[in-house]
Amino acid sequence: MAVRGRDIGLRAASAVVLAPAAVAATWAGGVWFLALMVAACVVLAFEWAAMSAPHARRLMGGAVTFGLVASVISAHFGAMAVAFIMLVFGAAAAGVYARSRGQQALDAAYGVLYLGWPAVLLIWLRDVDSTVGLHWTVLVFAVAWSADILAYLVGSTVGGPKLWPRFSPNKTWSGFIGGIVAGAVAGAVMAAWVDMGRLTVLWGAILGLAAALATMAGDLWESALKRRFGVKDAGNTIPGHGGLLDRVDGLMFAVVVVAIGRLAVLMLERGG
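Read on for an overview of the structure.

The rules behind the values
Residues numbered from 1 in each chain as written. Predicted model: local features only at pLDDT ≥ 70, side-chain atom pairs only at ≥ 80, totals over all residues. Heavy atoms only, no water. Helix = DSSP H or I, 4+ residues; strand = E, 2+ residues; numbered from the N terminus. Contact = heavy atoms within 4.5 Å. Phe/Tyr/Trp six-rings, centres within 6.5 Å; stacked < 30°, edge-to-face > 60°. Buried < 20%, exposed > 50% of the residue type's maximum accessible area, 1.4 Å probe, protein only. Core = buried A, V, L, I, M, F, W, Y, C linked by side-chain atoms within 4.5 Å.

## Quick notes on the environment of A142
Turning to step 1, where the next piece is worked out: With respect to the secondary-structure elements, A142 resides in helix α6 (residues 130-158).
Turning to step 2, where the next piece is worked out: Residues A142 and M190, 48 residues apart in the sequence, show an inter-C-alpha distance of 8.4 Å.
Turning to step 3, where the next piece is worked out: Beyond its immediate sequence surroundings of up to four residues, A142 is in contact with A186 and M190.

Shown next, in the form of structure tokens:
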């Protein structure tokens, strides 16, 4: 119990220190949000390197970081086409460089795409419209966090059949259902509470449901990746929480779904 108490205390302390800075940068947007995303990309790149190439983490981390940061900065300046081109070329360059140093080229290239795609979309989502963009960004976090928390609470309380025991033995179908319901509620509440453009409460719930499904898929996918690389956690970057990738794996998938929803609403608004 003492060990568990210390672990909970460490987790709480980490959240108290890190959460306000992340919330403030997201609220401010612009260069502050860019700085947050660049810092996150660097951390994620080196966590990926530590998992996929533990004996050459600096080399792999530097190669993946280059591809991520170049694409994120391009997205910040509104050059989305350039950002995606940089993502592809960054992945190719990271793969070629890793192979020239005797490392797995595909792991390096995949790391850039896996981490970079949601990072670029999150920059676009926040900056596409100053006020409404903030609301859509908050929607990503609200859905992903609600799905994660309720999946854990319902799964721990109700239990039942396992969802995918081969890769994630602790996740249950009851938790899965609790998570997607929580995501749908979060999406509906956001659509009803703040300005989300022409997103209605019904479509907010549908989008929240889809993003919650993506959150669950992202969590399971990272579990499969960790099993492949033979690691328990993506890292120990955040005391008491493991790696940053362990905390944002579901959110990375959710942002793709929400960005698609945002694009659909923008097209609807511009079409009259």
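Text resumes after the structure shown.
## Examining the packing of aromatic side chains
Turning to step 1, where the next piece is worked out: Counted by the stated rule, this structure contains seven aromatic pairs.
Turning to step 2, where the next piece is worked out: On the basis of an interplanar angle of 10 degrees and a centroid distance of 5.4 Å, the ring pair of Y110 and Y114 is categorised as stacked. Residue Y110 and its partner Y114 are both found in helix α5 (residues 105-127); the two are separated by four residues, about one turn of the helix.
Turning to step 3, where the next piece is worked out: Given the relative accessible area of 30%, Y110 is considered partly exposed.
Turning to step 4, where the next piece is worked out: On the accessibility criterion, Y114 (6% relative accessible area) is buried.

## Brief notes about the environment of W221
Turning to step 1, where the next piece is worked out: For W221, the location among the structural elements is in helix α8 (residues 201-229).
Turning to step 2, where the next piece is worked out: With 53 residues separating them along the chain, W221 and S168 place their C-alpha atoms 9.5 Å apart.
Turning to step 3, where the next piece is worked out: Discounting residues that sit within four places of it in the chain, W221 has contacts with Y110, Y114 and F253.

## Here we look at the nonpolar core
Note that soluble globular proteins tend to have their nonpolar side chains buried in a common cluster.
Turning to step 1, where the next piece is worked out: By size, the foremost hydrophobic cluster in this structure holds 72 residues, and its most contacted members are W48, V64, L115, W136, L139 and L245.
Turning to step 2, where the next piece is worked out: Those elements that place two or more of their residues in this core are α2 (30-52), α3 (57-76), α4 (80-100), α5, α6, α7 (173-193), α8 and α9 (244-270).
Turning to step 3, where the next piece is worked out: The residues contacting W136, other than those within four sequence positions of it, are L125, M196, L199, L207, V258, G261, R262 and V265.

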